[in-house]
Amino acid sequence: MSLLASGTRNVFQAARRGVGRPSGARTIVTVIQQGYEGWRLSFGRNPVRLAPGINLKIPVYHTVQVVDLRESSISIPNARPLPGYTSDNAIICSGSLFFRIVDGYRACFSVSDVQANIKNTGTSAMRAVLGRFSYDQVISDRNGLNEQLNSVIGNTIANWGVHCTRFEVQSFQPANREVERQLELQMEAERNRRKQLLDTQAQINIAEGQKQRVILESEGHLEAKSNEADAKYKTVVREAEARQQQSIMEASALAEQVSKLALSISGAVGEAHVQPIDQHRALDALIELRRLEQLKAIAKGTGTSTYFFGDSSILGSNALGSANGGGVPGAYFIDYVEKTRATSGDKISVPRITDSATHLSPS
């Protein structure tokens, strides 16, 4: 039993290293743990796959290699950060490579030491892929760097029955203080450039906003003036139409009044028998009635002293007293003459009446 336990312990220790070497312990059985895979050789040939559990192992005749099928990781590098170069700077970096053995046969018999070779491949691939990126690209696009590393390393170790699940860059920094200071100056210059671009763009946006505001205000003023002009035009048209309609209605009412008054003056039976002279007399009567209404309104007014009436001229015969037969000056005109004489030094006499007009002669 102690021999069996010693052989099992040696197999476990070999499995922890990924691919176990043949154990020197002489036992007739070997135990393969869950998540591992074993390969048994007979005098160094004819490999047979061993499933997890207890398997037969004849000393001297059989040798067993154990493979870990679980996902594992390797730190690149192990101790100190790896020096390398981007396309524009010297840097130091480190990362972790995650992998899983999918074909135990090739992992045992296609490569001598699978983990050591995976580590060497990851180190060289990391340096090669970093040289394709600039320092700013590595900082801004870490996922793109990880994907390229995963692709390059995975294509290389696939022939060994190993699948590269992912690669993660853990640390990334300038190689020395001088490079770091240059990068700081470069980043500060880049920040200033972006700030200037943003300030310029902001000024452009402000100017564009002011331009749009002026355009919109001018369009608004134009629209307001157009609306005001349309409103005035419609108002004038409506007022003109209203005055036209009022004039038509007043003319119609006046014509009806003249017609009825002419019919009343002539004493005819119907409007068809009314003579033109009757219509003229009716029109004169209406005019005289309107004149009397105006005189009545003037008499009721305040702040008035002298008024002149007439339709032929400012000193026409109607103003001189046509109501007296045309030969005697009217009362209003006599009052006007008296005031004129008082202001002009009694140089105006009483007017003389003619058939055509009224004339003032000096005294």
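Right above here is the structure, for reference.
Residues numbered from 1 in each chain as written. Predicted model: local features only at pLDDT ≥ 70, side-chain atom pairs only at ≥ 80, totals over all residues. Heavy atoms only, no water.

## Brief notes about the side chain of N146
Stated formally: Each helix is a run of H or I in the DSSP string that is no shorter than four residues. Each strand is a run of E no shorter than two, and both are numbered from the N terminus. Two N or O atoms form a polar contact when they lie within 3.5 Å of each other; inside protein one atom must be a possible hydrogen donor and the other a possible acceptor, and for residues adjacent in sequence the pair counts only when both atoms belong to side chains. Whether two residues touch is decided by their heavy atoms; if any such pair falls within 4.5 Å, the residues are in contact.
Summarising the element assignment, N146 is placed in helix 5 (residues 142–157). A polar side-chain atom of N146 sits 3.4 Å from a polar atom in the side chain of E168. If we skip the residues at most four places from it in the chain, N146 touches F167, E168 and V169.

## Focus: the packing of helix 3 (residues 114–130) against helix 5
Here is the rule: Axis angles are defined between N-to-C directions and span 0 to 180 degrees, where every axis is a line fitted to C-alpha atoms and, for a helix, only to the segment in contact. The cut-offs work like this: below 35 degrees is roughly parallel, past 145 is roughly antiparallel, 65 to 115 is roughly perpendicular, and the gaps in between are oblique. Whether a crossing is left-handed or right-handed is set by the direction in which the near helix is turned from the far one by less than a right angle, anticlockwise for left-handed and clockwise for right-handed. For this classification, Asp, Glu, Lys and Arg are treated as charged, while Ala, Val, Leu, Ile, Met, Phe, Trp, Tyr, Cys and Pro are nonpolar and the rest, including Gly, are polar.
Two elements in contact, helix 3 and helix 5, have axes separated by 9 Å at closest approach and are oriented at 140 degrees. The pairing of helix 3 with helix 5 is recorded here as oblique in orientation. Pair helix 3 / helix 5 crosses with right-handed handedness. In this structure, helix 3 contributes I118, T121, G122, A125, M126, V129 and L130 to the contact, and helix 5 contributes L145, Q148, L149, V152, I153, T156 and I157. Residue classes in the contact of helix 3 with helix 5 are distributed as 10 nonpolar, four polar and no charged.

## Remarks on the nonpolar core
As a reminder of what qualifies: Put simply, buried Ala, Val, Leu, Ile, Met, Phe, Trp, Tyr and Cys residues joined by side-chain atoms within 4.5 Å make one nonpolar core. Only protein chains enter the accessibility calculation, which uses a 1.4 Å probe. A residue is then buried if its area is under 20% of the maximum for its type, exposed if over 50%, and partly exposed in between.
Counting residues in each nonpolar core, the largest one holds 34 residues, and the members touching the most others are I118, M126, L130, L145, V162, F167 and F172. Contributions of two or more residues to this core are made by strand 6 (72–76), strand 8 (90–101), helix 2 (104–109), helix 3, helix 4 (135–140), helix 5, strand 9 (162–174) and helix 6 (177–266). At six residues, the largest contribution of residues to this core is made by helix 3. Setting aside chain neighbours within four positions, we find F167 in contact with I76, G95, S96, L97, M126, N146, L149, N150 and I153.

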